[in-house]
Amino acid sequence: MSLWNILGYVAWGLSAILLAWMLVDALLVSSQYDEEYLMSSREGRESPAVHGVLPEEGGA
Amino acid sequence: MKRHYVPPKQGMLGQIVDTATVLVLVYVSLMLPLLFKAAAKAENAVVQAAVAVQATWESLGQNAIQQEQWIRLGYSPEKAAMLINNRFDYTIDPVMLGLTSAVIIGYFIFLLKVSAKQYREVIAEKFDQE
Amino acid sequence: MTARSKITTTGKKPIALLKVLNPFHVWGLGVGIVLVGEFMGWNFTVDKGGAYASLIACWVIGLLYTCVAMIDSEVSSTVVAAGGQYTQAKHIVGPLMAFNVGLYLVMAYTMLCAADALVVGDLLRSGAKVMGFAHLDPRPFVVLVVVFLSWLNYRGVFVTLTLNLVMTLLAFVSLLVLFVAVEPWQQGVVLQHQGLLTDLPYGWIGVIASLQFGIWYYLGIEGTCQAAEEVRSAGRAIPLGTMGGIMTLLVAATITWFVATGLLPWQYLGQTYTPMYDAATLLGSAKLQLLMFVATAFAAIASANGCINDASRAWFSMGRDRYLPEFFGAIHPKYRTPYRSILFLVPIAVSFAFTGLLDQVITFSILSGLLSYTFMTFNIIKFRRMWPLGSIHRGYEHPFHPLPALTLLALCCLTYFATFLGYGATLLSVMSFYILASLWFVLRRYPYVRRAEQFSMPWPRPRGY
C-alpha cells in the first residue's frame, strides 16, 4: 500500500462524488422546473444585433 | 401552398431507444476494423522477430550522431532495431482504392441530394407563410 | 408529475446560454484543444514518412487549416449559434448534411477527449515509474480527468474557459522555453540536425501518408465557433480568436518540429508517445523535464476540457432542434449550461478511453474532422451564392474566394488518400457508420423535426430557392 495506491482510491472516490453531485443536481432541476422552461431556449432568439441585421455594438 | 408540418411529440421511451441506437452504431464501427487488423498484426510480428537478431549500429545504418542520441535515450542496437525495422508497406490496392473513393463520393452526393430536397421544404415553409 | 408547483415559462423570459466570453477565451478554446497535439501525436507523421515529410505535412496541413479558419470565420461570424458548423449546415446546405456535421463534431471531440484523458493517465504512470512505483493503474485518473472537467463544464462556461486559457498559455510558453533552451542560434552544440535529418525514407508517398497525422498539429481549432452563443460580441470575437489561434499554432508546430528533429533519431521520434518530454530528457535538465511533464499534462487537460465544451454544445444544439431526442436540448436554470448533454457524454468519453483502441479512436476523430472540412468547401460556395456579399451583414469576409475553398477541397482529397494508405479498413468502417446514421436520420428522426423553425437566422430568402 503506497502513496500512489492511495491516490488511485482518492481519484475513484472524487470521481464518484462529482458524478453523483451532477446526477443529483440534474434530478433536482427536473423536479423543480418545468420541462417546457428548461427547453425554452431558441437558436437566434437573442438580440438581433449579433445576427447581422444591425451593425453590432457590445453584443448582448 | 402546403400546410405547416406538425411533427409528433416523442415519448421518453422513444428518446431512450434513439439515443441507444446511435451509441450502438458508434461502438460497432469502432470494433469493425479489428476484424481486419488481427490478421495483419500476427503477420507483422513474425517478420519483426526475424530481423531483430544480431543488429549493430552499422547494420542499422545509423551514423555517429544518431548512435550517440540512441545511446543517450538508453537504447542498445537490439532494442533500437525493433523501432528502426518497423516499416510501413505503401503498396496500393487499386480495387480497394476505387471502392473507397466510390464510397466517399457516393456518400457526399447522397447527403447533398437529400439535404437539398429537405432544404427546399424548409425554405418554402419558412418564407411562403410570411 | 405535478406541474403546478414547478417553475414554468409563464411570465419569464426563455432560458438561454450565458454571454460572458471574450476573444481571449475563444483563442484559449481553439488553441487549447489543439496544443496537446504538439506534445504528442504530431510525431506519428515522422513515422509515416521521415522528418522532412513531417515538416511538409506541418505546412501543407497548416495551409488546409488556414483555409478552414478563413472560411469558418466568415460563416460563423454571421451564423451565431452554439451548434457552430452544424447550424451553418442547417441554414446553408440542408437538414441531412447538418445532422452529419453535428455527428462529426460530437464524435471528433468526444474521441479526442478520451485520447487526452488517456495521455494524462499515461503521463502519471510514467511519472510514478520515475518516482519508483512501477505499476500504477492509470484508470482512476483517466476517469477523474473526464468527470472533473465535465463537472467544471456543468457549473458554468466562464470558469471553465478561463481555466482553459490559463493552462493553454502556460503550455504554449513552455514550448517557447524549450525552444530557447536548445540554443537554436547554433547548430551542433545541442541541436544535431545535420546528423539526424535523413532523406525521405519512403519517398514522396511517405510524405502523402504523413498528411493523415499532420491533422494532429491543428485538429480542433475550428471548435472556436461552438462558443458563438456565449461570447459577448460574436461577430468580432470569433474571427479574432480563430485567426489568432491558427497563427499561434503555425508557430508552435514549426518550433515543435525543429526542436524534436534536432534531438531525436526519426525512427524513435516517430514511435514515442511523449516526444517533447523525451527531448527534454536528452537535454539532461531535470527542471526542463519537469516543465515538459507539467506542460504536457496541462495541454492534455485543456484539450479534454475544450472537447467537452464543444461536443456538448453540438449535442445540445441537435437536441434543441430534435435531430436527436429533445431531452438533450435543456439548459441549466442556474448555471446556464447544456447540462444534460455534458452529463450524457461523460460515460461515453470514458468508455472510448477504456476500449483500448487508441489508434482506432484517433483515426475516427481525425476522419470526422476531415469530413467536416470537406463539408466547409461546399458550404462556403453555396453561402456566397445564396447570400452574395452585401445582402446580409458579415462580421468578417475572407479574401480570394473561391481559392481557399478549392485549395481546401484538394487538400482534403489528398488527406483521404493518406488515410486510405494507413487506415483503409477504419476509413471504410467510419464511412459506413455515417451512411447508416444518415439513413436512420432520414427514416426515423427527421419526422420529429419542425420544418420552418430550423431556419432561425433573420436573413432574407436565399437566392435560387
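Reading the values: rules and limits
- Residues numbered from 1 in each chain as written.
- Chains lettered and ligands numbered in written order.
- Predicted model: local features only at pLDDT ≥ 70, side-chain atom pairs only at ≥ 80, totals over all residues.
- Heavy atoms only, no water.
- Helix = DSSP H or I, 4+ residues; strand = E, 2+ residues; numbered from the N terminus.
- Buried < 20%, exposed > 50% of the residue type's maximum accessible area, 1.4 Å probe, protein only.
- Areas by Shrake-Rupley, 256 points an atom, 1.4 Å probe, with all protein chains shown as cover.
- Phe/Tyr/Trp six-rings, centres within 6.5 Å; stacked < 30°, edge-to-face > 60°.
- Lys NZ or Arg CZ within 6 Å of the ring centre and 35° of its normal.
- Salt bridge = Lys/Arg side-chain N within 4 Å of Asp/Glu carboxyl O.
- 1 Å grid on protein atoms, 1.4 Å probe; cavity = no way out; pocket = protein on both sides within 12 Å on 5 of 7 lines; lining within 4 Å.
- Points joined across faces, edges and corners; volume = space filled by probe spheres on them.
- Nonpolar A, V, L, I, M, F, W, Y, C, P; charged D, E, K, R; others polar.
- Contact = heavy atoms within 4.5 Å.
- Buried area = accessible area lost by both parts, 1.4 Å probe.
- Polar contact = N/O pair within 3.5 Å; in protein donor to acceptor, adjacent residues only side chain to side chain.
- Patch = residues over 30% accessible without salt bridge, like charges linked within 9 Å, V, L, I, M, F, W, Y side chains within 5 Å.
- Core = buried A, V, L, I, M, F, W, Y, C linked by side-chain atoms within 4.5 Å.
- Domains from an automatic or database assignment.
- Expected span 1.5 Å × (residues − 1).
- pLDDT = per-residue confidence, 0-100.

### Some points on the overall build of chain A
Here comes step 1: Within chain A one finds two helices and zero strands.
Here comes step 2: A burial count over chain A gives 40% of its 60 residues as buried.
Here comes step 3: Just so you have it, chain A exposes about 3500 Å², and 67% of that area is on carbon and sulfur atoms.

### Digging into the packing of aromatic side chains
Here comes step 1: Taken as a whole, this structure holds 47 aromatic pairs over all chains when the rule is applied.
Here comes step 2: Ring geometry for Phe99 of chain C and Trp440 of chain C: centres 6.2 Å apart, planes at 45°, overall tilted. With Phe99 of chain C in helix α5 (residues 95–130) and Trp440 of chain C in helix α16 (residues 403–445), this residue pair connects regions lying 341 residues apart in the sequence.
Here comes step 3: Residue class for Trp440 of chain C comes out buried when judged on its relative accessible area of 13%.
Here comes step 4: One aromatic cluster is present, formed by Trp21 of chain A together with Phe148, Trp151, Tyr154, Tyr335 and Tyr339 of chain C through successive ring pairs.
Here comes step 5: Taking the ring centre of Tyr202 of chain C as reference, the NZ or CZ of Arg87 of chain B above it sits at 4.5 Å.
Here comes step 6: Directly above the aromatic system of Tyr5 of chain B lies the positively charged group of Arg451 of chain C, at a separation of 3.9 Å from the ring centroid.

### Brief notes about the pattern of salt bridges
Here comes step 1: Scanning all chains against the criterion turns up 16 salt bridges over all chains.
Here comes step 2: The shortest N-O distance in the salt bridge between Arg451 of chain C and Glu121 of chain B comes to 3.3 Å. Residue Arg451 of chain C is located in the segment after α16, and its partner Glu121 of chain B is located in helix α4 (residues 94–128); the two belong to separate chains.
Here comes step 3: Residue Arg451 of chain C is classed as buried on the basis of its relative accessible area, which comes to 5%.
Here comes step 4: Here Arg313 of chain C makes a salt bridge to Glu230 of chain C, at a shortest N to O gap of 2.6 Å. Here Arg313 of chain C, found in helix α13 (residues 286–320), pairs with Glu230 of chain C, found in the loop between α9 (204–214) and α10 (234–261); they are 83 residues apart in sequence, far enough to count as distant.
Here comes step 5: Accessibility expressed as a relative area gives 0% for Arg313 of chain C, which makes it buried.
Here comes step 6: Several salt bridges share partner residues, and in doing so they unite Glu43 of chain A together with Lys90, Glu229, Arg320 and Asp321 of chain C into one network.

### Notes on empty space enclosed by the protein
All names here are of chain C.
Here comes step 1: Considering all chains together, one arrives at seven cavities of 30 Å³ or more under this definition.
Here comes step 2: Looking at the largest cavity, its volume works out to about 60 Å³.
Here comes step 3: Tyr109, Thr110, Cys113, Val146, Ser150, Cys307, Ile308, Ala311, Ile342, Leu345, Val346 and Ala349 together form the lining of the largest cavity.
Here comes step 4: Looking at the lining of the largest cavity, the elements with two or more residues in it are α5, α6 (139–155), α13 and α14 (339–354).
Here comes step 5: Split into classes, the residues belonging to the lining of the largest cavity amount to ten nonpolar, two polar and no charged.

### A few points about the interface of chain B and chain C
Here comes step 1: The partner chain C presents 94 residues to the 67 residues of chain B that form the contact.
Here comes step 2: For the chain B and chain C pair, buried surface summed over both sides reaches about 7300 Å², with 70% attributable to carbon and sulfur atoms.
Here comes step 3: The three residues of chain B that bury the most area against chain C are Tyr90, Tyr107 and Tyr119 of chain B, which together make up 11% of that side's buried surface.
Here comes step 4: Summed over the shared surface of chain B and chain C, the number is five salt bridges.
Here comes step 5: Between Glu326 of chain C and Lys9 of chain B there is a salt bridge; the shortest N-O distance is 3.1 Å.
Here comes step 6: There are 25 residue pairs in polar contact (both at pLDDT 80 or more) connecting chain B and chain C.
Here comes step 7: If you list the elements that add at least two residues to the side of chain B that touches chain C, you get α1 (12–52), α2 (64–72), α3 (77–84) and α4 of chain B.

### With respect to the arrangement of the chains
Here comes step 1: With two pairs of chains in contact overall, the contact-richest pair is chains B and C.
Here comes step 2: The two partners chain A and chain B share no contact, and the minimum distance between any of their C-alpha atoms is 12 Å.

### A short note on the side chain of Ser76 of chain C
All names here are of chain C.
Here comes step 1: Summarising the element assignment, Ser76 is placed in helix α3 (residues 51–76).
Here comes step 2: Relative accessible area serves as the criterion here: at 1%, Ser76 is assigned to the buried category.
Here comes step 3: A polar atom in the side chain of Ser76 sits 2.6 Å from the backbone oxygen of Asp72.

### Here's the deal with the interface of chain A and chain C
Here comes step 1: Residue-level contacts link 41 residues of chain A with 61 residues of chain C.
Here comes step 2: For the pair chain A and chain C, the two sides together bury roughly 4400 Å², of which 65% comes from carbon and sulfur.
Here comes step 3: Where chain A packs against chain C, one counts three salt bridges.
Here comes step 4: Of the charged contacts in the structure, one is a salt bridge between Arg340 of chain C and Glu35 of chain A, with a shortest N-O distance of 2.7 Å.
Here comes step 5: Applying the counting criterion to the chain A and chain C interface returns 13 residue pairs in polar contact (both at pLDDT 80 or more).
Here comes step 6: Of all elements in the fold, only α1 (3–32) and α2 (35–38) of chain A reach the threshold of two or more residues within the side of chain A that touches chain C.
Here comes step 7: Here the element with the most residues in the side of chain A that touches chain C is α1 of chain A; it accounts for 19 residues.

### A few points about a nonpolar patch on the surface
Here comes step 1: Residues Val24, Val28, Leu32 and Leu35 of chain B make up a contiguous nonpolar surface patch of roughly 370 Å² in combined accessible area.
Here comes step 2: With respect to the helices and strands, the residue Val24 of chain B is situated in helix α1.

### Notes on the nonpolar core
Here comes step 1: Among the nonpolar cores identified, the biggest contains 193 residues, and Phe108 of chain B together with Tyr65, Met97, Tyr218, Tyr373 and Tyr434 of chain C are the most heavily contacted of them.
Here comes step 2: Considering every element that reaches this core, the biggest residue donor is α5 of chain C, with 19 residues.
Here comes step 3: Domain assignment of the residues forming this core places at least three in each of domain 1 (53–90) and domain 2 (92–130) of chain B.
Here comes step 4: Discounting residues that sit within four places of it in the chain, Tyr434 of chain C has contacts with Tyr107 of chain B together with Asn100, Leu103, Tyr104, Met107, Phe364, Ser368 and Leu371 of chain C.
Here comes step 5: Judged by nonpolar contacts, the second largest core, of 14 residues, contains Val20, Leu29, Val157 and Ile238 of chain C.

### A closer look at the side chain of Thr296 of chain C
Here comes step 1: When you line up the elements, Thr296 of chain C lands in helix α13.
Here comes step 2: At a separation of 2.6 Å, a polar atom in the side chain of Thr296 of chain C contacts the main-chain carbonyl oxygen of Met292 of chain C.

### Observations concerning α4 of chain B
Here comes step 1: A rise of 1.5 Å per residue sets the reference length of α4 of chain B, with its 35 residues, at 51 Å; its end C-alpha atoms lie 50 Å apart and thus fit the reference within 8%.
Here comes step 2: Put simply, Asp93 of chain B is the residue that caps the front of α4 of chain B, since its side-chain oxygen is 3.1 Å from the backbone nitrogen of Val95 of chain B.

### Re unusual backbone geometry
Residue and element names in this part refer to chain C.
Here comes step 1: Backbone torsion omega between His401 and Pro402 reads 5°, so that peptide bond is classified as cis.
Here comes step 2: Of note, Pro402 is situated in the loop between α15 (358–386) and α16.
Here comes step 3: The phi dihedral of Glu183 falls on the positive side, at around 50°, and the residue is not glycine.
Here comes step 4: Assignment of secondary structure puts Glu183 in the loop between α7 (157–181) and α8 (193–196).
Here comes step 5: Of note, the phi angle at Arg336 is positive, near 55°, even though the residue is not glycine.
Here comes step 6: As for its placement among the helices and strands, Arg336 is situated in the loop between α13 and α14.

### Some words on the confidence of the model for chain A
Here comes step 1: For chain A, per-residue confidence averages 78 on the pLDDT scale, and 72% of positions sit at 70 or higher.
Here comes step 2: For the stretch residues 47–60 of chain A, pLDDT sits under 50, and the model shows 28 contacts to residues farther than four places along the chain or on other chains.

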